[in-house]
Each structure stands twice: as C-alpha cells, then as structure tokens.
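Summary of structural features
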Amino acid sequence: MTKGKLPLLKKMIYFDNAATTPLAPEVISVMHQVMTEIPGNPSSTHALGRKARVLIEDARLTVAGILKVSPAEIFFTSSGTEALNTVLFSAVLDSRIKNIISSRLEHHAVLHTLEIIDKRGWANVHFVNTDAAGHVSLIHLEELLSENEKSMVCLMLANNEIGNLLPYKEVAELCHKNDALFLTDAVQAVGKMKLNLANSGIHFAACSGHKFHGPKGIGILYINKDVTISPLIYGGGQEREMRSGTENIYGIAGIAKAMEVSYASFDEKTAHLRALKNRMIEALKLNFSGAIFNGDCESNGLINLLSVSLPTKSRSEMLLQRLDMDGVAVSGGSACSSGALGTSHVMDALGKNHELPVIRISFSRYNTFEEVDQFIEVLKKAYK
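First, a word on scope: everything that follows refers to the structure included in this document. The residue numbers shown here count from 1 along each chain, following its written sequence. Since the coordinates come from a predicted model, pLDDT governs what is reported: local features require at least 70, and pairs of side-chain atoms require 80 or more to be given and counted, while whole-chain, interface and lining totals use all residues. Where side-chain values are given, they derive from all heavy atoms of the structure, hydrogens and water being excluded.

Helix and strand counts for the protein chain stand at 11 helices and 12 strands. In terms of overall dimensions, the protein chain is globule-like: its C-alpha atoms have a radius of gyration of 21 Å, near the 21 Å expected for 384 residues. Along the longest, intermediate and shortest principal axes, the C-alpha atoms of the protein chain span 60 × 60 × 40 Å. Buried residues in the protein chain amount to 54% of all 384 residues. Here, two residues are considered to be in contact whenever any of their heavy atoms come within 4.5 Å of each other. Restricting to contacts in the protein chain with at least 6 residues of sequence separation, those with at least 24 account for 74%. For the protein chain, the accessible surface area stands at approximately 17,300 Å², while carbon and sulfur atoms represent 53% of it. All tallies of charge rest on Lys and Arg as positive and Asp and Glu as negative; His and the ends of each chain are not included. By convention, the charge on Lys lies at NZ, on Arg at CZ, on Asp at CG and on Glu at CD. Averaging the positions of the 39 positive and the 40 negative side-chain charges in the protein chain gives two centres separated by 6 Å. For the purposes of this entry, the term helix denotes a DSSP run of H or I that reaches at least four residues, the term strand denotes a run of E that reaches at least two, and both are numbered from the N terminus. Restricting the calculation to C-alpha atoms gives the radius of gyration, and the globule rule supplies 2.2 Å times the number of residues raised to the power 0.38. Burial classes: relative accessible area under 20% of the type maximum marks a residue as buried, over 50% as exposed, and values in between as partly exposed (1.4 Å probe, protein chains only). Working definition of accessibility: Shrake-Rupley area with a 1.4 Å probe, residue cover restricted to the visible protein chains.

Structure, rendered in structure tokens:
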C-alpha cells in the first residue's frame, strides 16, 4: 500500500443508508469548487471573505426555500446532534422549560442528552407511552402536557431503526393547545419526505447532511421565528450569534447542494425507493418464512427503510458479520453508538425477542433491483 493512501475496498452492496449515504457526484463537484476557489474566511471584509459570505447566504436561501421557511430561521451546525443539544440545553438552562416529554424510541443524541438533564436536575424528563409497533400514544401525550407546565416535546419525525413516521401535525396541535414547545429530530426524514416547516406547527427541527448524500460534519437547525433560544457554543458570534466558530463553507455548500439534488425530481426518486423496498419485502416473505417486519416499515413507514427479524437462533452480530464477509453492508440498528453491537434500545422498548436477529436494510437512489436480488441470495447463504 502506498504510504498515506487507504486500501481499496471490494465493491459491496451498500444497504446501510440510514447510517450514512454516499456523496452525490453533484455535491463532490460543488465542494471541490469551493475548496479550490474560495479560500476566504466569511468574517473577513475583503473580497475573498465577502465571496465566502455570499456562498453561505446563498446556501441558506436554498435550504430555506426547500423547507418552506425564512432564511432567518435556518442555522448551520456541525451535525444533527449539535442541533438537538443546542435546543434541549438552551431550553432548560434558560429556565423556561421545566419538563421535557420524549419517548424511549429516540436517537441517543436525544436520550443521552436527556439523561444529563435529568441527573443534573435541570428539568423533569417524562416518556410518553408507545405501543408494540412503536406508535406514540397521543392520549398519553395529552395527559402529560396537561399535567406538566412549561413543557417541551421532543419526538423524532422518522425513526432511524424501524422507520415509523410521527403524526407531527397532531403532536403540534397538542403542543400549541398546552402552550408547549415542539422539537423534532428530522435527521432521517429530510430528503425522503416533503416538508413544509412553516405550516407544520414545529418550533425546532434538526437535520444532518450525510443522511441525504451530503457531507458528514454539517447539520441544520431550524428555529421558528416566533421563538428564541440561547446559543450552545459561544465565541465569535457567527450564524447571527447562534452558533460561534468559523463556518464550514465546504460543508455548507455541500449540504445545500445535496438538499437541492434530493428534492429535484422528487417523485421519481421516491418511486424508485418505494419499488426497491417493495421488491425486498416480497423477496424476504418468499424466501424466509416467519420473517417479522418491525414497526411500520412494511407499510406506512419511511420510504427507504426496512427492519426485519429473522426466525433463527443465530445472533444478529454473527449474521451481520457473515453478510459483511460476503460483500453486503447492512446493520442491526442504529450505527451511532461507536460501533457497539449490544441490543437495540428501540427493540427493547418494543419488547422484541432478542433471540431473533434483526437486520436494518436502508436504500438510496443509487441502489438497484439487481442488488436486491443479489442480497437475497447472499442472505440465504448466510442464514444458517
């Protein structure tokens, strides 16, 4: 191997797009252009600095236009995790929020943050009931809201493990009825769902570029114009004093282009994802008697995600390793826990049998029907 170069990996079937997506060619192109042509700091007043500033504001306009909000409501962060942390910590440290209502199905970016808030006594944390399919109980949510003043609801728009979609309009109505704030983790939803945040009733939303063929290390925080929060990071006052630190102009250009490309010919792209998913469902049913689809992923869930439990005593990690060795990349759940192979907290919350191995299959617009067929053959071989 040449010093300084990574070894080339063999061509794999990549069905782990809920963990991260490959960069779109258009994104690579625009980021390369920015890297080579715009060296300036956006805070500098000379021509090169002004050029970098214009790039950021053009990107903000693009993102705001797609999400149907004002550019003043869009802030660039390092990740969806930072965006979520910003809202949660700001809300409780400003003493405006005394109660946070969430679910046990949330991403660890929320759950681990809530653990800290609870341990330090900054706010009371409540978990809304969910059923065996992962649906949030709106009746219980209304009870929690009516019993707890100064509340914030934090529920994800699309679950990253089972693909369930939140009835966010109904949740927003309950929040507004009870004078509560509504934060949603939209990381898995952006790029796969059309969103009109201005008319959603959502106060805060977080997303991450690498989930829709953009770069890693760049996220977006939406803050509705009718609410204000304090920064999480202080310093030079960038992002209109909401998020200090020299702006990642390469990432900002990349996430805007990724969002633009994702929503261009959107119906065509989603039709392809739906066809891939349906083909996989039928093939799994045909070849693996007793396969169980988790949550709403088989029917009304996120368009590009399937979670299936297979009827075998083989442990999940062993099956995943066999698939990996045969050139298939999938996961058993979230890939955001430092590579940990422990049981999924989502499967725990749903009361699933851990003796049954779980595979999360997630597609992108670059996947093909041939890959679905090849995957089934590899899975039959690995399924012992």
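Here we come to empty space enclosed by the protein. In the cavity and pocket records, a cavity denotes points on a 1 Å grid over the protein atoms alone where a 1.4 Å probe fits but cannot get out, a pocket denotes an open set with protein on both sides within 12 Å along at least 5 of 7 lines, and lining residues are residues with an atom within 4 Å of a point. Grid points are joined across faces, edges and corners, and a volume is the space filled by probe spheres set on the points. Under the definition given, this model contains 2 cavities of 30 Å³ or more. Volume-wise, the largest cavity comes out at about 140 Å³. In terms of lining residues, the largest cavity is bounded by 16 residues, among which Gly-191, Lys-192, His-213, Leu-273 and Arg-365 are the most central. Considering every element that reaches the lining of the largest cavity, the biggest residue donor is helix H8 (residues 266-287), with 4 residues. Three classes are used, and their members are as follows: Ala, Val, Leu, Ile, Met, Phe, Trp, Tyr, Cys and Pro are nonpolar, Asp, Glu, Lys and Arg are charged, and the others, Gly among them, are polar. Of the residues assigned to the lining of the largest cavity, the class counts are 4 nonpolar, 8 polar and 4 charged. Here the second largest cavity is characterised by a volume of approximately 50 Å³. Along the walls of the second largest cavity sit Leu-67, Ala-186, Val-190, Leu-195, Leu-197, Ala-205, Ala-206, Cys-207, Ile-220 and Tyr-222, which together make up its complete lining. Within the residue set of the lining of the second largest cavity, elements represented by two or more residues are strand S7 (204-208) and strand S8 (219-223). No other element matches S7, which puts 3 residues into the lining of the second largest cavity. Partitioned by chemical class, the residues of the lining of the second largest cavity number 10 nonpolar, no polar and no charged.

Taken in spatial order, the 7 strands of this open sheet run S2-S8-S7-S6-S5-S3-S4, and their pairing is mixed. Strands at the two margins of the open sheet, each flanked by one partner only, are strand S2 (74-77) and strand S4 (124-127). Across this sheet, the average inter-strand angle for adjacent strands is 20°, counted without regard to direction. Strand pairing is assigned whenever DSSP detects at least two bridges linking the two strands. Pairing of S7 with S8, which is carried by 5 bridges, proceeds in the antiparallel orientation. Across the sheet, residue Phe-204 finds its bridge partner in S8, namely Ile-223. Every axis in this analysis is a line fitted to C-alpha atoms, fitted for helices over the stretch in contact. Angles between the N-to-C directions lie between 0 and 180 degrees. The strands touched by helix H6 (residues 168-177) within the sheet are strand S5 (151-154) and strand S6 (181-185), with S6 carrying the most contacts at an inclination of about 155°. Its contacts with the sheet place helix H7 (residues 249-263) against S2, S7 and S8, and it is angled at close to 75° to S8.

So, about the environment of Ala-64. Its place among the elements puts Ala-64 in helix H2 (residues 47-67). For the pair Ala-64 and Tyr-222, spaced 158 residues apart in sequence, the C-alpha to C-alpha distance is 9.1 Å. Those residues in contact with Ala-64 that sit more than four places away from it in its chain are Val-69, Ser-70, Pro-71 and Ile-74.

Most of S6 sits inside the fold, with 5 of its 5 residues counted as buried. Of the two faces of S6, the one carrying Leu-181, Leu-183 and Asp-185 and the one carrying Phe-182 and Thr-184 are both buried. Bridging between S5 and S6 involves 3 bridges; their strand directions are parallel. Directly across from Met-152, in S6, lies its bridge partner Leu-181. Orient the strands so they point away from the viewer, and a crossover whose first-strand-to-second-strand path over the helix runs clockwise is right-handed. A crossover connection joins S5 to the parallel S6 through H6; in handedness this β-α-β unit is right-handed.

This part takes up the nonpolar core. The nonpolar side chains of soluble globular proteins are, as a tendency, buried together. To qualify as a nonpolar core, a set must consist of buried Ala, Val, Leu, Ile, Met, Phe, Trp, Tyr and Cys residues joined through side-chain atoms within 4.5 Å. Membership of the largest hydrophobic core comes to 60 residues, with the highest contact counts inside it found for Phe-76, Leu-141, Val-153, Phe-182 and Met-259. Elements that contribute at least two residues to this core include exactly helix H1 (25-37), H2, S2, helix H5 (138-147), H6, S7, S8 and H7. What Val-153 contacts, discounting residues up to four positions off in sequence, is Ile-101, Leu-141, Leu-145, Val-171, Cys-175, Leu-181, Phe-182 and Leu-183. Core analysis: the next-biggest nonpolar cluster, separate from the first, contains 30 residues, Phe-15, Leu-276, Ile-361 and Phe-375 among them.

Not every positive phi belongs to a glycine, and Glu-239 is a case in point at roughly 55°. With respect to the secondary-structure elements, Glu-239 resides in the loop between S8 and H7. By relative accessible area, Glu-239 is classed as buried at 5%. The residue Arg-240 is not glycine, and still its phi comes out positive at about 55°. The exposure class of Arg-240 is partly exposed, given its relative accessible area of 43%.

One can describe the packing of H8 onto helix H11 (residues 369-382) by two numbers: an axis separation of 10 Å at closest approach and a directional angle of 25°. Overall, the two elements H8 and H11 adopt an arrangement that is roughly parallel. Where H8 crosses over H11, the handedness of that crossing is right-handed. Residues His-272, Ala-275, Leu-276, Arg-279, Met-280, Ala-283, Leu-284 and Asn-287 of H8 form the contact with H11, whose own contacting residues are Phe-369, Val-372, Asp-373, Phe-375, Ile-376, Leu-379 and Lys-380. Of the residues that constitute the contact of H8 with H11, the class distribution is 10 nonpolar, 2 polar and 3 charged. Roughly parallel means an angle under 35 degrees; roughly antiparallel means over 145; roughly perpendicular covers 65 to 115; every other angle is labelled oblique. Note on convention: near helix rotated counterclockwise from far helix by under a right angle means a left-handed crossing. Clockwise means right-handed.

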